[in-house]
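# Report on the structure
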Amino acid sequence: MPFDHNDHYHRLLLRQVPPGCRTALDVGCGTGRFARLLARRGIDTDGIDASAEVIETARAASAGLPRRHRPRFRHADATRAELPHEHYDFISCLASLHHMPFGTVAALRDALAPGGVLAVLGCHRETSPADRAWSLAAVPANAAARLAVAAREAVRPPGGEPGPPSTVAPVRRPETTLEEVRREAGVLLPGSTLRRLLFWRYLLVFRKPAGTA
């Protein structure tokens, strides 16, 4: 069924974009769907991913867009990439942080401009009774959402953003628990907020103080 848990939360992530945002970075951009949403808002957008194959797919999917709405895609490992210091007004990380050490958020934090926002849509390992309860609740909601999206896709007129490309990003099971994410974020991203989401995801948001030098 054409239903993607990350795509489902695109609107939630777009609400985290700070007013007046001019520059953005999508880390682990995959085939570039969210990066293109940012670029369509007039935001100068970069996308990086450790998979050369998905980067080529992202470039191909964006080739027909007007230049002002076309993100720049680069094959790069976020754990080793040299990111410009205090450059980006918004940095997103969709279901990709669990592919790298959590400490990578320190480099993303440093790449934020003062007043910038880091938004992580993350996956976590389920260990607690609360995890299992949320997972159980998500099962019927997931089935209903898949059916609803499939029905909408069946009657949608041609045009708009194409469906999921045949190339998919590598998948890895998360090893970090939600409590471990909360603890490490408290150290590396002081003042950040963390909320559990329904479809086996969490949202971590950090706003860099405007007065940071």
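Presented here is an overview of the structure given in this document. Sequence order as written defines residue numbering, which begins from 1 separately in each chain. With the structure being a predicted model, the display of local features is reserved for residues of pLDDT at least 70 and the display and counting of side-chain atom pairs for 80 or more, all residues being used for whole-chain, interface and lining totals. Derived side-chain values reflect all non-hydrogen atoms in the structure, with water molecules and hydrogen atoms excluded from consideration.

So, on to the overall build of the protein chain. Broken down by element type, the protein chain carries 7 helices and 7 strands. Only runs of H or I of at least four residues qualify as helices and only runs of E of at least two qualify as strands under DSSP, and these elements are numbered from the N terminus. Taken from N to C terminus, the helices and strands of the protein chain fall in the order α-α-β-α-β-α-β-β-α-β-α-α-β-β. Buried positions account for 46% of the 213 residues belonging to the protein chain. A sequence separation of at least 24 residues applies to 74% of the contacts in the protein chain between residues at least 6 apart. Here's how the labels work: a residue is buried when its accessible area is under 20% of the maximum for its type, exposed when over 50%, partly exposed in between, all with a 1.4 Å probe on protein chains only. Every residue pair with non-hydrogen atoms within 4.5 Å of one another is taken to be in contact.

Our focus in this paragraph is the sheet that holds strand 7 (residues 201–207). The 7 strands lie next to each other as 3-2-1-4-5-7-6, forming an open sheet whose pairing is mixed. The open sheet terminates on both sides in strands that have one partner only, identified here as strand 3 (72–75) and strand 6 (193–197). On average, each strand axis in the sheet is tilted by 15° relative to the strand beside it, whichever way the strands run. Every axis corresponds to a line fitted to the C-alpha atoms, with the helix fit spanning only the stretch in contact, and the corresponding angles, defined between N-to-C directions, vary from 0 to 180 degrees. Relative to the sheet, helix 4 (residues 52–62) contacts strand 2 (44–49) and strand 3, its axis offset from that of strand 3 by approximately 165°. Together, strand 6 and strand 7 form the strand contacts of helix 7 (residues 178–188), whose direction differs from that of strand 6 by roughly 165°. In short, DSSP must find at least two bridges between two strands for them to pair.

Alignment of strand 6 against strand 7, held across 5 bridges, turns out to be antiparallel. Directly across from Arg-196, in strand 7, lies its bridge partner Tyr-202. Taking the residues that link successive antiparallel strands as the turn, the strand 6-strand 7 hairpin has 3 residues, and the phi of Trp-200 there is positive, at about 55°.

Further remarks concern the nonpolar core. The biggest cluster of nonpolar side chains holds 27 residues, and the ones touching the most others in it are Val-27, Ile-91, Leu-97, Phe-102, Leu-118, Tyr-202 and Leu-204. Of all the secondary-structure elements, those providing two or more residues to this core are strand 1 (23–27), strand 4 (88–94), helix 5 (105–111), strand 5 (112–122), helix 7 and strand 7. Each nonpolar core is a collection of buried residues, namely Ala, Val, Leu, Ile, Met, Phe, Trp, Tyr and Cys, held together in the definition by side-chain atoms within 4.5 Å. If you look at the next biggest cluster of nonpolar residues, it comprises 19 residues, including Leu-12, Leu-38, Leu-94 and Phe-199.

A separate point is the environment of Tyr-202. Along the chain, Tyr-202 falls in strand 7. Spatially, the C-alpha atom of Tyr-202 lies 9.7 Å from that of Val-181, the residues being 21 residues apart in sequence.

Let us look at unusual backbone geometry. For residues that are not glycine, phi is negative in most cases, and the peptide bond is trans in most cases. At Glu-86, a residue that is not glycine, the phi angle is positive and equals roughly 50°. With respect to the helices, strands and loops of the structure, Glu-86 is situated in the loop between strand 3 and strand 4. In the Ramachandran plot, Ala-95 falls in the positive-phi region, its phi being about 50° despite a non-glycine side chain. For Ala-95, the position within the fold is in the loop between strand 4 and helix 5. Residue Ala-95 is classed as buried on the basis of its relative accessible area, which comes to 15%.

For Ser-96, the position within the fold is in the loop between strand 4 and helix 5. Taking the relative accessible area as the measure of exposure, Ser-96 reaches 6% and is therefore buried. Setting aside residues up to four positions removed in sequence, Ser-96 forms contacts with Val-27 and Gly-28.

Take helix 7 next. Inspection of helix 7 places Leu-178, Val-181 and Ala-185 among the buried residues, and these make up the whole buried set. One side of helix 7 holds all its buried residues, which, seen down the axis, span an arc of 50°. Turned more than 90 degrees away from the buried face of helix 7 sit Arg-183 and Val-187, all of them exposed. To be clear, the arc concerns the directions from the helix axis to the C-beta atoms.

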